[in-house]
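Given next are the chains, with one letter for each unit.
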Amino acid sequence: MKQIALLLMLTMLVCVAMADDAPAPATPAATPETSAVAAPAVTAPAATSPAAALIDEANKLMDQSSYEVALAKLAEAEKLDPKNSDIFRYQGYCYVNLKKYEDSIKAYDKCLELKPAPDVEVKAYLNKGECYLSLQKPEDAMKMFDKVIIDMKVQDPNILAGANIGKIGALEALGKTSEVLAALPDLIKLNPQVGNNAAGKFYYDQKDYQKAADAYSLSIAIDSKNPQVLYNCACCYALIKDAAKAIDCLTKGLAADAELLKEKGRNFNLLGLIAADPDFTNIKDDPAFKKLCPAPAGTGEVKGN
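By convention here, each chain's residues receive numbers from 1 onward along its written sequence. It should be noted that, the model being predicted, local features are given only for residues of pLDDT at least 70 and side-chain atom pairs only at 80 or more, the latter also being counted only at that level, while totals for whole chains, interfaces and linings use all residues. Heavy atoms throughout the structure, all of them, feed into the side-chain values; hydrogens and water do not.

**Comments concerning the overall build of the protein chain**
For clarity, the threshold we go by: A run of DSSP states H or I qualifies as a helix once it reaches four residues; a run of E qualifies as a strand once it reaches two. Both are numbered from the N-terminal end. Between buried and exposed lies partly exposed: a residue is buried under 20% and exposed over 50% of the maximum accessible area for its type, with that area taken using a 1.4 Å probe on protein chains only. The contact rule is simple, with two residues in contact once any of their heavy atoms fall within 4.5 Å. Values of accessible area rely on a 1.4 Å probe in the Shrake-Rupley scheme; residue burial ignores everything except the protein chains shown.
Along its length, the protein chain carries 15 helices and zero strands. Expressed as a percentage of the 305 residues in the protein chain, the buried residues total 53%. Of the contacts formed within the protein chain by residues at least 6 apart in sequence, a portion of 54% connects residues at least 24 apart. Here the protein chain displays about 13700 Å² of accessible surface, and carbon together with sulfur accounts for 52% of that area.

In C-alpha cells:
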C-alpha cells in the first residue's frame, strides 16, 4: 500500500486549525504533493518595505510549488530584515518540500529563536517533529510532539489530534506497540475520521488487514470521497482476498480522484498506484479488477485512464 495517509493527516489537521496558513488542501483530505507540514500563508500582508515585498513574492512562488526560487527571494529578504521570524518559517516550509529536512529544522530553530506568535510557534514544533520522523529520529520527534501536547498546553482539538498522530508515528517507529494501542482511542475521540485513518495504518503495518479495513471503513463512513482512504481500504480488502469490497473501494476512489483533479488540478494518480502496488496481487485475475486496471498489479505499467 502506498502509505501516504499519516503525514497528510497531520497537514490537514494543522491547516484546518489555522486556515489562514493553508495553501489549498482539500478538506478533509490533504491535496497530493503538498508538504507533510503546516503550510505558510498564501496571501502575505501588503508590502510596506522591500523585505515584505520579497516575502510576498516568495509566498506566491510557494503557492506554485516553486520552492527553490522562493528560497532565493527569502534569502534576499533575510539580508534586509534578519529579525523577521516569518522568513525562517517559510524557509522551513520550502526546505521540507524539497526533502531537505536538516535545513528545514535549522530554519524552524531560527524562527523559534525570534519568539514568533504562539500559533507559529506551535506549527514550528509540529513541523520539526515531522522532519525528525522523516529523518528516522523518532526520539527527537517525540520531544517535539510532547512539547505541543504537554508543555504548551494546546487546547485546539485539531492541533492536539495532529500532534498525537505524530506521536503515534514516533511510537510505532520505536516499536512501542502497546503504547500505540493505548493512544489510538484518545485520538479517535479527538477526531474520529483521522483517528480511524491512523488506526488503519497501524493495523496495516501490523499485517492485521481485517482490522485495518474495519478502521478505514469507519473513516469512509464519515467522508466517502477521500481518495487516499478509499485506496488504503481497498488494499486491505485485497490482501484478505475480498475482491468485491476492494473493487468497490477502488471504483469510488478513482471517481473521487478524478473529481479532485478537476477541482484542484492535481490528484493522487490512483490508477498508477494500483498498477504498481503488489497488495492487489490476490485479485489481479478478477475480471472486474482487470477492467478497472488493465495493467497487471505490481507492474507499474498503466494502460487505462
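Okay, back to it.
**Quick notes on the pattern of salt bridges**
What counts, and what does not: Each reported salt bridge corresponds to a side-chain nitrogen of Lys or Arg within 4 Å of a carboxyl oxygen of Asp or Glu.
Scanning the model with the defined rule gives 11 salt bridges in all. In this structure, aspartate 86 engages arginine 89 in a salt bridge whose closest nitrogen and oxygen atoms are separated by 3.2 Å. Of this pair, aspartate 86 and arginine 89 both sit in helix α4 (residues 85-97), three residues apart, which is roughly one turn of the helix. A relative accessible area of 24% means that aspartate 86 is categorised as partly exposed. The exposure class assigned to arginine 89 is buried, which follows from its relative accessible area of 10%.

**A word on the environment of proline 278**
Relative to the elements of secondary structure, proline 278 occurs in the loop between α14 (270-276) and α15 (287-292). The class of proline 278 is exposed, set by a relative accessible area of 54%. Sequence spacing of proline 278 and leucine 239 is 39 residues, and the spatial spacing of their C-alpha atoms is 9.4 Å.

**Some remarks on α4**
As a reminder of what qualifies: In this analysis, the expected span of each helix is defined as 1.5 Å times one less than the number of residues it contains. Under the rule applied, a polar contact is a pair of N or O atoms within 3.5 Å (in protein, one hydrogen donor and one hydrogen acceptor; residues adjacent in sequence only if both atoms are side-chain atoms).
Taking 1.5 Å as the rise per residue, α4 with 13 residues should run 18 Å; its terminal C-alpha atoms sit 19 Å apart, in good agreement. For α4, a buried count of 11 out of 13 residues is recorded, marking the element as mostly surrounded by other parts of the structure. When α4 is considered as a whole, its buried residues turn out to be Ser85, Ile87, Phe88, Arg89, Tyr90, Gln91, Gly92, Tyr93, Cys94, Val96 and Asn97. Buried residues along α4 sit against α2 (50-63), α3 (67-80), α5 (101-113) and α6 (118-134). Where α4 starts, the residue carrying a side-chain oxygen 2.9 Å from the main-chain nitrogen of aspartate 86 turns out to be asparagine 84. Immediately beyond the C-terminal end of α4, within one or two residues, lies lysine 99, with a positive phi of roughly 65 degrees.

**Some details on unusual backbone geometry**
Residues other than glycine seldom take positive phi values, yet glutamine 136 does so here, at roughly 60 degrees. In this structure, glutamine 136 sits in the loop between α6 and α7 (138-151). Although it is not a glycine, lysine 207 sits at a positive phi angle of roughly 65 degrees.

**Focus on the packing of α5 against α6**
Going by this rule: Lines fitted to C-alpha atoms define the axes here, with helix axes fitted over just the stretch in contact, and angles between the N-to-C directions of these axes take values from 0 to 180 degrees. Roughly parallel here means an angle under 35 degrees, roughly antiparallel means over 145, roughly perpendicular means 65 to 115, and every remaining angle is called oblique. Should the near helix be turned anticlockwise from the far one by less than a right angle, the crossing is termed left-handed; should it be turned clockwise, right-handed. In this classification, Asp, Glu, Lys and Arg are treated as charged, Ala, Val, Leu, Ile, Met, Phe, Trp, Tyr, Cys and Pro as nonpolar, and every other residue, Gly included, as polar.
Direction vectors running N to C along α5 and α6 enclose 160 degrees, while the axes themselves pass 9 Å from each other. As far as their axial angle goes, α6 and α5 are roughly antiparallel. For α5 against α6, the interelement crossing comes out left-handed. Here Tyr101, Ser104, Ile105, Tyr108, Asp109, Cys111 and Leu112 of α5 come into contact with α6, specifically with Val120, Glu121, Ala124, Tyr125, Asn127, Lys128, Cys131, Tyr132 and Ser134. Its residues assigned to classes, the contact of α5 with α6 comprises 10 nonpolar, three polar and three charged.

**Here we look at the packing of aromatic side chains**
Heads up, the rule is: Aromatic rings from Phe, Tyr and Trp, taking only the six-membered ring of Trp, are treated as a pair when their centres fall within 6.5 Å; an angle between ring planes under 30 degrees marks them as stacked, one over 60 as edge-to-face, and anything in between as tilted.
Scanning the model with the defined rule gives five aromatic pairs in all. Ring geometry for tyrosine 67 against tyrosine 93: centres 6.0 Å apart, planes inclined by 80 degrees, an arrangement best described as edge-to-face. On the criterion of sequence distance, the pair formed by tyrosine 67 in helix α3 and tyrosine 93 in helix α4 is long-range, its members being 26 residues apart. By relative accessible area, which is 9% here, tyrosine 67 ends up buried. Their ring planes at 65 degrees and their centres at 5.4 Å tell us that phenylalanine 202 and tyrosine 203 sit as a pair that is edge-to-face. On the basis of relative accessibility, which here comes to 2%, the residue phenylalanine 202 falls in the buried class.

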